[in-house]
Amino acid sequence: MAGSGHEDAELGGRRRGRRRAARGDTRSMILEAATAEFSAHGYDAVSMRAVARRAGVDPALLHHYFDDKAALFTESIGAPVRPDRVLAEVLRGPRDQVGEALVRILLTTLDSEPAQGRVLGIIATALRQPFAAGILRQFLVREVLHQVAQEFGDDAGDDGELRATLAASQIVGLIVARYGLRVEPLASAPVDELVRRVGPVIQWHLAGDPEGIAARTDD
């Protein structure tokens with residue numbers, strides 16, 4: 001994905017000029033270069049080597065500051081949490097509790113007001129700017145949804161990506177309603193209550209187990 005008219009389509013409202021004053025800071029220079037690369041080419045087409053080249057640093061130095069492209073991207077957009085890391089942590093736990101664990105981690109993180117603001121800013125930018133939405137979508141598909149599809153694919157049918165995107169739609173809707181629109185009583189509901197109610201729905205989408213959600217909801 002490339003487009004010379006999309007240089008301002010930067011998720012989270014971060015614009016290239018904002019880091020000019022920090023030129024002496026190598027880490028800031030790298031983030032500035034990464035923002036420019038992602039804005040120009042999208043997520044999939046950008047390599048760590050390309051970011052290093054734009055920043056004028058050795059690729060080894062880039063890896064000193066950032067483990068991988070996912071880390072570079074999430075920090076460049078100001079994300080308060082790395083979705084791929086959250087998912088990896090959750091998938092190390094019991095498979096039948098993935099939905100609940102995801103909801104708990106996300107809500108616990110986003111109950112911090114600064115985190116709420118950053119996530120809502122990213123969502124708002126993606127909704128306003130189609131190119132920005134495409135960058136975010138590429139990241140989520142490659143780093144998050146494919147992991148989910150592979151984890152549950154063997155025993156939940158061959159529609160893993162659809163199930164993963166349905167789960168993502170539930171999570172984004174929950175974030176917008178609770179922290180953006182502040183719909184009551186959802187906005188003030190305890191995290192434990194939302195985990196109990198929403199977690200099984202996420203699990204249903206991920207694992208394709210409608211009988212399981214019915215049983216857990218009746219408890």
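Reading guide: rules and limits
In this convention, every chain numbers its residues from 1, walking through the sequence in written order. Local features in this predicted model are restricted to residues whose pLDDT is 70 or higher, and side-chain atom pairs enter the listing and the counts only when it is 80 or higher, whereas totals over whole chains, interfaces and linings include all residues. No hydrogens and no water enter the side-chain calculation; it runs on all heavy atoms of the structure. Helix numbering and strand numbering both begin at the N terminus, where a helix is a DSSP run of H or I of at least 4 residues and a strand a DSSP run of E of at least 2. Throughout, a contact is declared for two residues whenever any of their heavy atoms are within 4.5 Å. Nonpolar cores were defined as sets of buried Ala, Val, Leu, Ile, Met, Phe, Trp, Tyr and Cys residues, with membership established by side-chain atoms within 4.5 Å. Relative accessible area decides the class of each residue, using a 1.4 Å probe on protein chains only: under 20% of the type maximum gives buried, over 50% gives exposed, and in between gives partly exposed. Only Phe, Tyr and Trp rings are paired, with Trp represented by its six-membered ring, and only when their centres lie within 6.5 Å; those with planes under 30 degrees apart are stacked, over 60 edge-to-face, the remainder tilted. Only C-alpha atoms enter the line fits that serve as axes; for helices the fit covers just the stretch in contact. Angles between N-to-C directions range over 0 to 180 degrees. Any angle between 65 and 115 degrees counts as roughly perpendicular, while under 35 counts as roughly parallel, over 145 as roughly antiparallel, and the rest as oblique. By convention the crossing between two helices is left-handed if the near helix lies anticlockwise of the far one by an angle smaller than a right angle, and right-handed if it lies clockwise. Amino acids are sorted into nonpolar (Ala, Val, Leu, Ile, Met, Phe, Trp, Tyr, Cys and Pro), charged (Asp, Glu, Lys and Arg) and polar (every other residue, Gly among them).

Enquirer: So what about the side chain of Gln203? Which residues, and what values?
Expert: Note that Gln203 resides in helix α10 (residues 191-207). Residues within four places of Gln203 in sequence aside, it is in contact with Arg95, Asp96, Gln97, Val98, Gly99, Phe152 and Gly208.

Enquirer: How would you summarise the nonpolar core if you had to cite specific residues and measurements?
Expert: Grouped together as the largest cluster of nonpolar side chains are 31 residues, with contacts concentrated most on Leu102, Ile202 and Leu206. Contributions of two or more residues to this core are made by α5 (83-91), α6 (98-110), α7 (113-128), α8 (130-153), α9 (160-180) and α10. Formed by 25 residues, the second largest nonpolar core is a distinct cluster that contains Met48, Ala52, Val57 and Phe66.

Enquirer: Which residues make up unusual backbone geometry, and what values go with them?
Expert: Each neighbour pair has its own omega, and for Glu184 with Pro185 the value is 5°, a cis peptide bond. Here Pro185 lies in the loop between α9 and α10. Residues other than glycine seldom take positive phi values, yet Arg182 does so here, at roughly 55°. Assignment of secondary structure puts Arg182 in the loop between α9 and α10. Classification of Arg182 by relative accessible area gives partly exposed; the value is 48%.

Enquirer: So what about the packing of aromatic side chains? Which residues, and what values?
Expert: Under the defined criterion, the tally for this structure stands at five aromatic pairs. Ring geometry for Phe38 against Phe73: centres 5.0 Å apart, planes inclined by 85°, an arrangement best described as edge-to-face. Placement of Phe38 in helix α1 (residues 26-41) and of Phe73 in helix α4 (residues 69-76) is noted, with a sequence separation of 35 residues between them. Here Phe38 matches Phe73 in class, with each residue buried. Taking 5.1 Å as the distance between ring centres and 75° as the angle between the ring planes, the aromatic pair formed by Tyr43 and Phe73 counts as edge-to-face. Taken as a pair, Tyr43 in the loop between α1 and α2 (48-55) and Phe73 in helix α4 lie far apart in primary sequence, 30 residues in all. Since its relative accessible area comes to 0%, Tyr43 is described here as buried.

Enquirer: So what about the packing of α1 against α2? Which residues, and what values?
Expert: It is at 8 Å that the axes of α1 and α2 come closest, and there the two elements cross at 120°. The orientation of α1 relative to α2 falls into the category oblique. Viewed along their axes, α1 and α2 form a crossing whose handedness is right-handed. In this structure, α1 contributes Met29, Ile30, Ala33, Ala34, Ala36 and Glu37 to the contact, and α2 contributes Ala50, Val51, Arg54 and Ala55. A class-by-class count of the residues in the contact of α1 with α2 yields eight nonpolar, no polar and two charged.

Enquirer: Would you mind going over the environment of Leu145 in detail, with residue names and values included?
Expert: Looking at the secondary structure, you find Leu145 in helix α8. Spatially, the C-alpha atoms of Leu145 and Ala167 are 9.5 Å apart, while their sequence positions differ by 22 residues. In this view, Leu145 contacts Leu140, Ala164, Thr165 and Ala168; residues no more than four positions away in its chain are not counted.

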